[in-house]
Amino acid sequence: MKYILNKVVYLALVLLLALSGVFIMVNKMPGDPAYGLAVSISQQRNMEIDKALEIAHQMMGINPNESLITRYIRFTTNLLKGNFGYSTYYQASVNEIIAKALPWTLFVISLATFISFFVGIYLGAFSAQKRGKIIDIVISAVSSIIQAIPPFVLAVLILFVGAVQLKIIPLGGAYPIDVEPSFSINFIIKVLHHAIGPLLATAIPQIAAWTLAMRGNTSQVMEEDFIRFAQIRGLKDSTIANKYIKNNAMLPLVASLAITIGYMLGGHTLVEAIFNYPGIGFYFGKAIAFRDFGLLTGLFSLIVIGVIITTFIAELLYAMIDPRVRLK
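Everything numeric in this text was worked out from a predicted model, so none of it was measured.

Observations regarding the nonpolar core
Phase 1 of the analysis: Phe-84, Ile-98, Ile-280, Tyr-283, Leu-295 and Leu-299 are the most contacted members of the largest nonpolar core, which has 27 residues in total.
Phase 2 of the analysis: Elements that contribute at least two residues to this core include exactly helix H1 (2-27), helix H4 (68-80), helix H5 (94-129), helix H12 (280-289) and helix H13 (293-321).
Phase 3 of the analysis: If you tally residues by element for this core, the top one is H13, at nine residues.

Laid out in structure tokens, this is it:
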């Protein structure tokens, strides 16, 4: 219990520091975050920009005359209430955009993480057990090459080959525009079909990363004394591999698993933009392109909170799996 309480206090402090960093970074950006909305209001209502700017400030809940400390208190208070701000480009609450985009991002990254983790773990352990043989060299070389390719380049290649040349995956969207969302088998198949592109672009680099990490861990565990002792005892290779090597080699990767999910919340910006897939990364890209400070702040805050909370969960899981962590 003491371990958990210490971790909760640590989580609260890290969250406060990280969100303070987001606030300072966004507030130090040049320009008025309400100016884009003011221009739009001015054109729509045919009024002077100064008057439109006042209306824009009211819509976004901004008082340009208030101090930085007052803004910071309002920013943290809104976040505690679950209010992530207002988007000037979409002229809607950031909460509405998050509610619309987050399920698609979570769907793709959770599926990609699940597939990549188990495939990578299997390939890494298999490669380490075949050290020095052709299959090990091939797996290691291919994984290293894939890991060196930037995700957006891989996404472009998948889009070009799969959507343009072979025409087996859609060019964009989460589902066809002429299909009504429902819980029918037909709709689920359409959703899976549209997710193939971003899923592959996300999962393939992750498979390579897990494979190389698992190979390294497995090779290290295989050199431990308790493995030699198990061999001397005459245990079967399959028993040693499954019961002793794989479990110990996987342990350090469990913490990375949850962190990866949090990291990918923001790491999908280019992949989702390339596939025109309406997730958090897609809207993050729009916020940067249109200098939508409200949306940028809200999504940035969401990503920071997601990364920190998933890291916290990873540490708890790690402590549950390995009690030695709680004693340190």
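And the narrative resumes.
Quick notes on H12
The α-helix winds at 3.6 residues per turn, so residues separated by three or four positions along the chain end up facing the same way.
Phase 1 of the analysis: Residues of H12 that are buried include every one of Ile-280, Gly-281, Phe-282, Tyr-283, Phe-284 and Ala-287, and no others.
Phase 2 of the analysis: Directly beyond the C-terminal end of H12, a positive phi value near 50° is found at Arg-291.

Topic: unusual backbone geometry
Phase 1 of the analysis: Located in the positive-phi region is Gln-91, a residue other than glycine, with phi close to 50°.
Phase 2 of the analysis: Positioned with a positive phi, Asn-276 is a non-glycine residue whose angle comes to about 55°.
Phase 3 of the analysis: Along the chain, the position of Asn-276 falls in the loop between helix H11 (269-274) and H12.

Structural notes on the side chain of Thr-113
Phase 1 of the analysis: Counting through the fold element by element, Thr-113 comes out in helix H5.
Phase 2 of the analysis: In terms of polar contacts, Thr-113 uses its side chain to reach the backbone carbonyl oxygen of Ile-109, at 2.5 Å.

Observations regarding the packing of aromatic side chains
Phase 1 of the analysis: Throughout the structure, instances matching the rule amount to 13 aromatic pairs.
Phase 2 of the analysis: Ring geometry for Phe-23 and Tyr-72: centres 5.3 Å apart, planes at 65°, overall edge-to-face. On the criterion of sequence distance, the pair formed by Phe-23 in helix H1 and Tyr-72 in helix H4 is long-range, its members being 49 residues apart.
Phase 3 of the analysis: Given the relative accessible area of 6%, Phe-23 is considered buried.
Phase 4 of the analysis: Aromatic ring contacts, followed pair by pair, group Tyr-89, Tyr-90, Phe-282 and Tyr-283 into a single cluster.

Digging into the side chain of Ser-143
Phase 1 of the analysis: Topologically, Ser-143 is positioned in helix H6 (residues 134-148).
Phase 2 of the analysis: By relative accessible area, Ser-143 is classed as buried at 7%.
Phase 3 of the analysis: Reaching out from Ser-143, the side chain makes a polar contact with the backbone oxygen of Ile-139 at a distance of 2.8 Å.
Phase 4 of the analysis: Sequence-distant contacts of Ser-143, that is, excluding residues within four places in its chain, are made with Ala-208, Thr-211 and Leu-212.

Criteria and thresholds
- Residues numbered from 1 in each chain as written.
- Predicted model: local features only at pLDDT ≥ 70, side-chain atom pairs only at ≥ 80, totals over all residues.
- Heavy atoms only, no water.
- Core = buried A, V, L, I, M, F, W, Y, C linked by side-chain atoms within 4.5 Å.
- Buried < 20%, exposed > 50% of the residue type's maximum accessible area, 1.4 Å probe, protein only.
- Helix = DSSP H or I, 4+ residues; strand = E, 2+ residues; numbered from the N terminus.
- Polar contact = N/O pair within 3.5 Å; in protein donor to acceptor, adjacent residues only side chain to side chain.
- Phe/Tyr/Trp six-rings, centres within 6.5 Å; stacked < 30°, edge-to-face > 60°.
- Contact = heavy atoms within 4.5 Å.

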